[in-house]
Amino acid sequence: MLKGISPAISPELLKTLAEMGHGDEIVFSDAHFPGHTFNANVLRADGLGADTLLAGLIPLFELDAYATPVIMMEAVPGDSLDPSVEAKYRKALGYQGTVERIERYAFYERAKQAYAVVITGETAKYGNIILKKGVTPVA
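Position numbers for residues count from 1 along each chain, tracking the sequence in the order it is written. Local features in this predicted model are restricted to residues whose pLDDT is 70 or higher, and side-chain atom pairs enter the listing and the counts only when it is 80 or higher, whereas totals over whole chains, interfaces and linings include all residues. In computing side-chain properties, one takes all heavy atoms of the structure into account and sets aside hydrogens as well as water.

**Student:** Would you mind going over the nonpolar core in detail, with residue names and values included?
**Tutor:** Membership of the largest hydrophobic core comes to 29 residues, with the highest contact counts inside it found for L13, I26, F28, L54, I129 and L131. For this core, the secondary structure elements donating two or more residues are α1 (11–19), β1 (25–29), β2 (42–45), α3 (50–57), β3 (70–73), α4 (83–93), β5 (116–120) and β6 (129–132). In plain words, nonpolar cores are sets of buried Ala, Val, Leu, Ile, Met, Phe, Trp, Tyr and Cys residues tied together by side-chain atoms within 4.5 Å. Each residue gets one of three labels from its accessible area relative to the maximum for its type: buried under 20%, exposed over 50%, partly exposed in between, using a 1.4 Å probe on protein chains only. In this structure, I71, M73, I102 and A114 belong to the second largest nonpolar core, which totals 15 residues. Counting from the N terminus, the helices are DSSP H or I runs at least four residues long and the strands are E runs at least two residues long.

In structure tokens form, the structure reads like this:
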């Protein structure tokens with residue numbers, strides 16, 4: 001246990017976040033996401049909602065200031081999004097900027113290129129989110 005770090009952030013996730021460079025992306029997926037299909041670097045956070053993990057990591061993680069740093073999956077044709085999911089993630093991140101929405105298969109392609117995929121216990125429909133890391137300011 002470390003002071004100032006949420007207990008939701010596992011040692012493996014902390015290591016992954018520290019290894020990432022600016023511009024790298026990390027996926028926080030819902031419990032149904034086929035993470036192992038798309039990425040070799042998969043971490044498990046079963047039982048934890050994505051918002052809990054996002055709230056725990058944002059004090060440690062600088063979002064990219066030069067590109068849209070928050071990406072979510074758009075609904076497939078004929079389906080609809082629950083706006084409370086995005087609202088919950090925005091609140092957890094303290095983020096008021098633009099959220100880019102991309103088509104399901106484009107999201108999968110992006111997951112293949114991500115630094116890591118964290119499979120959460122999130123059960124919300126379309127509960128997948130990608131964060132792009134920015135440059136960590138020197139204090």
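Structure's up, so let's keep going.
**Student:** A description of α3 should follow, citing residues and the corresponding values.
**Tutor:** Listed as buried for α3 are A50, L53, L54, G56 and L57. Buried residues of α3, viewed axially, fall in a sector of 165 degrees; they line one side. If you follow the buried residues of α3, they end up packed against α1, β1, β2, α4, β5 and β6. Of all possible arcs, the one meant is that of the directions from the helix axis to the C-beta atoms. Two residues qualify as a contact provided that any one of their heavy atoms is within 4.5 Å of a heavy atom in the partner residue.

**Student:** Which residues make up the pattern of salt bridges, and what are the values?
**Tutor:** Definition used for salt bridges: Asp or Glu carboxyl oxygen within 4 Å of a side-chain nitrogen of Lys or Arg. Inspection of every chain in the model, using the stated rule, returns 10 salt bridges. A salt bridge links E19 to K15, with the shortest nitrogen-to-oxygen separation between them at 2.3 Å. With E19 and K15 both in helix α1 and 4 residues apart, the pair spans about one turn of that helix. Residue K88 pairs with E122 through a salt bridge whose shortest N-O separation is 3.0 Å. With K88 in helix α4 and E122 in the loop between β5 and β6, the pair connects residues that are 34 residues apart, well separated along the chain. Look at K88 and you get partly exposed, because its relative accessible area is 28%. Overall, E122 belongs to the buried group, its relative accessible area being 5%. Through salt bridges that share partners, E25, E100, R110 and K132 make up one connected network.

**Student:** Describe in detail the sheet that holds β6, supporting the description with residues and values.
**Tutor:** Whether two strands pair depends on DSSP finding at least two bridges between them. Read across the sheet, 6 strands follow the order β2-β5-β1-β6-β3-β4 without closing on themselves; strand pairing throughout is mixed. This sheet does not close on itself; its edge strands, each paired only once, are β2 and β4 (100–102). Strand-to-strand twist across the sheet, computed as the mean angle between neighbouring axes with direction ignored, equals 25 degrees. Summarising the sheet, β1 and β5 pair through 4 bridges and their orientation is parallel. What sits directly across from V27, in β5, is V117. Under this scheme, a helix contributes an axis fitted over its contacting stretch, all axes are lines through C-alpha atoms, and angles between N-to-C directions fall in the 0 to 180 degree range. Sheet contacts for α1: β1, β2 and β5; angle to β1, the most-contacted strand, approximately 150 degrees. Contacts from α4 reach β3, β4 and β6 within the one sheet, and its direction differs from that of β3 by about 160 degrees.

**Student:** How would you explain helix α5 (residues 104–113) if you had to name every residue and give the values?
**Tutor:** For an α-helix, 3.6 residues make a turn, and residues three or four places apart therefore share a direction. Within α5, burial applies to F107, Y108 and A111. Buried positions in α5, seen along its axis, are confined to an arc of 100 degrees and lie on one side of it. Turned more than 90 degrees off the buried face of α5, the exposed positions are Y105 and Q113. Contacts made by the buried residues of α5 are with β1, α2 (35–38), β3, β4, β5 and β6. Two N or O atoms form a polar contact when they lie within 3.5 Å of each other; inside protein one atom must be a possible hydrogen donor and the other a possible acceptor, and for residues adjacent in sequence the pair counts only when both atoms belong to side chains. The N-cap of α5, judged by a side-chain oxygen 3.0 Å from the amide nitrogen of Y105 a few residues on, is E103.

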